[in-house]
Amino acid sequence: GAELFVYDASQEFVIGKFTMESALPGGEFYTQSLPGERITLEYYEPAEVAGMGTIEINEVGHGYKDMFTMMDEEKGPHGHADGTCHINVVCEEGDEWRDQIRSVVHYQIVAGGSVYMCSGALINNTANDKTNYILSAYHCQDLGINITRFVFYFNYQTSACIGNSGTSNNSVIGADIVAKFSASDFMLMKLRTSIPDRYEVFYAGWTRSTGTPSIGAGIHHPGGDWKKISIPNRVQSNDANLWAVQWIPGDNNKGVTEQGSSGSPLFDGNGRICGQLYAGSSACDVLDQPSYLYDVYGKLSRSWTGGNSETRRLSDWLDPIESNVTYIDGINWDYSPDSSIGINQA
């Protein structure tokens, strides 16, 4: 019944409440970064267990630069996009994608004393049981060093189309990599702690169709910046493993990607994930060069069978009831079996 809150000196940046369910197996717990030189831990114990709780601080990490104040006016507190052509998801371009937007996350990997950034998405499974799977990219974990921590940020986006403020403290810690496959560059993680209901997340649907996807959207965190949306000009098959996406050139451009966008989902025109970002040459400074406005996404259809074992394919995790469907729609955080949203069989 005890609760823990952590906040900065202004008491404006608050994370928590954390409970016994927030701790990782074995009792370890850590938090996202907070701004400033001083933090406060505030701990509440119910009267019936007064004095029984223990908080042991093993380590305090201190940034030698204040990432919360060093960014440009339009940059987010957890990163810094290079380009300025990106479109905040709250803008009108995101109106048809409000559910899918709530599935996309920014996450940080701590390994070897450094922090690495990628994007990913909560993804549904055929049991509709809200298992907290995050789909991202294989290369995001291919570091050659031991990964010690994962921190995931939900709803990390601006509150206005043109603006520099928004939500950046909806975090969840800890994950296990349950499957990965290098050829289609996919990684599937399972969160080790629960997602608070107040985050109001969405578990995105998916399609494993091998047909060319209809034009949809890419939703991502370029450079670890605020959540952005990009609208493709064309999607086509690159090879057996990858989709090739060309972004709209010139003055009509509707966004591109950057480093940090890796692992972000590509949605088809029906709002279902069909792949995740692997690599590309697109950038805001090549909008007048269409031949550079290309990215490649690992095909979910290829990842489905992957390397023919449960730790190298998606089928075991995304179709646990062995329904053999080719696509499903997404569900909300408050989904129940009586809801109208569910499995759609092709």
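The structure we're discussing is the one just above.
Along each chain, residue indices are assigned from 1 in the same order as the chain's sequence is written. Only residues with pLDDT of 70 or above have their local features reported here, since the model is predicted, and side-chain atom pairs are shown and tallied only from 80 upward, although totals for entire chains, interfaces and linings are computed over all residues. Only heavy atoms go into the side-chain values, all of them from the structure, while hydrogens and water stay out.

## Quick look at the packing of aromatic side chains
Two aromatic rings are characterised by how far apart their centres lie and by the angle between their planes. Side-chain rings of Phe, Tyr and Trp, where Trp is taken by its six-membered ring, are said to pair if the distance between their centres is within 6.5 Å; with planes under 30 degrees apart they count as stacked, over 60 as edge-to-face, and otherwise as tilted. Taken as a whole and assessed by the stated rule, the structure comprises 10 aromatic pairs. Ring geometry for Phe154 versus Tyr199: centroids 6.0 Å apart, planes at 35°, classification tilted. Separated by 45 residues along the polypeptide, Phe154 in strand 8 (residues 147-154) and Tyr199 in the loop between strand 13 (186-191) and strand 14 (202-203) bring together distant segments of the chain. For the pair Phe154 and Tyr199, one class covers both residues: buried. Joined through ring pairs, the aromatic side chains of Tyr107, Phe150 and Phe152 make up one cluster. Criterion for a charge above a ring: Arg CZ or Lys NZ at most 6 Å from the ring centre, at most 35 degrees from the ring normal. One residue, Lys299, lies across the ring of Trp243, its end atom 4.4 Å from the ring centre. Each helix corresponds to a stretch of at least 4 residues labelled H or I by DSSP, and each strand to a stretch of at least 2 residues labelled E; elements are numbered beginning at the N terminus. Exposed residues in this analysis have more than 50% of their type's maximum accessible area, buried residues have under 20%, and partly exposed residues fall in between, with area computed by a 1.4 Å probe over protein chains only.

## Re the environment of Ser209
Along the polypeptide, Ser209 turns up in the loop between strand 15 (206-207) and strand 16 (217-220). On the basis of relative accessible area, Ser209 is assigned to the partly exposed category, the value being 37%.

## Regarding the state of the cysteines
Cysteine sulfur atoms that pair up within 2.5 Å are treated as a disulfide. Overall, the coordinates contain 3 disulfides when judged by the stated rule. Across a sulfur-sulfur distance of 2.1 Å, Cys85 and Cys284 are joined as a disulfide pair. Between Cys85 and Cys284 the disulfide shows an S-S torsion of about -80°. By sign, it is left-handed. Placement of Cys85 in the loop between strand 3 (39-44) and strand 4 (87-88) and of Cys284 in the loop between strand 21 (273-280) and strand 22 (294-299) is noted, with a sequence separation of 199 residues between them. Each of the two residues, Cys85 as well as Cys284, counts as buried. Cys118 shares a disulfide with Cys140; S-S distance 2.0 Å. One quick way to see it: the torsion about the S-S bond of Cys118 and Cys140 is about -95°, and its sign makes the bridge left-handed. Separated by 22 residues along the polypeptide, Cys118 in strand 6 (residues 114-123) and Cys140 in the loop between strand 7 (133-137) and strand 8 bring together distant segments of the chain. Along the protein, the cysteines that take part in disulfide bonds pair up as 1-6, 2-5, 3-4, counted in sequence order.

## Looking at the environment of Thr19
Inspection of the secondary structure puts Thr19 in the loop between strand 2 (14-18) and strand 3. Each C-alpha atom, one on Thr19 and one on Gly263, is 30 Å from the other, the two residues being 244 residues apart in sequence.

## Concerning the nonpolar core
Formed by 30 residues in total, the largest nonpolar core has its most connected members in Ile123, Leu188, Trp206 and Ile273. When residues of this core are traced back to their parent elements, those giving at least two are strand 6, strand 7, strand 12 (175-181), strand 13, strand 16, helix 2 (300-305) and helix 3 (315-318). Considering every element that reaches this core, the biggest residue donor is strand 12, with 3 residues. Between two residues, a contact is recorded if the distance between any of their heavy atoms is within 4.5 Å. If near-sequence neighbours (up to four positions away) are discounted, Ile123 is found in contact with Thr131, Tyr133, Leu135, Leu188, Tyr203, Ala204, Trp206, Ile273, Leu300 and Leu318. Working definition of a nonpolar core: buried Ala, Val, Leu, Ile, Met, Phe, Trp, Tyr and Cys residues. They are joined through side-chain atoms within 4.5 Å. Ranked by size, the runner-up nonpolar core spans 23 residues in total, among them Ala137, Cys140, Val172 and Tyr335.

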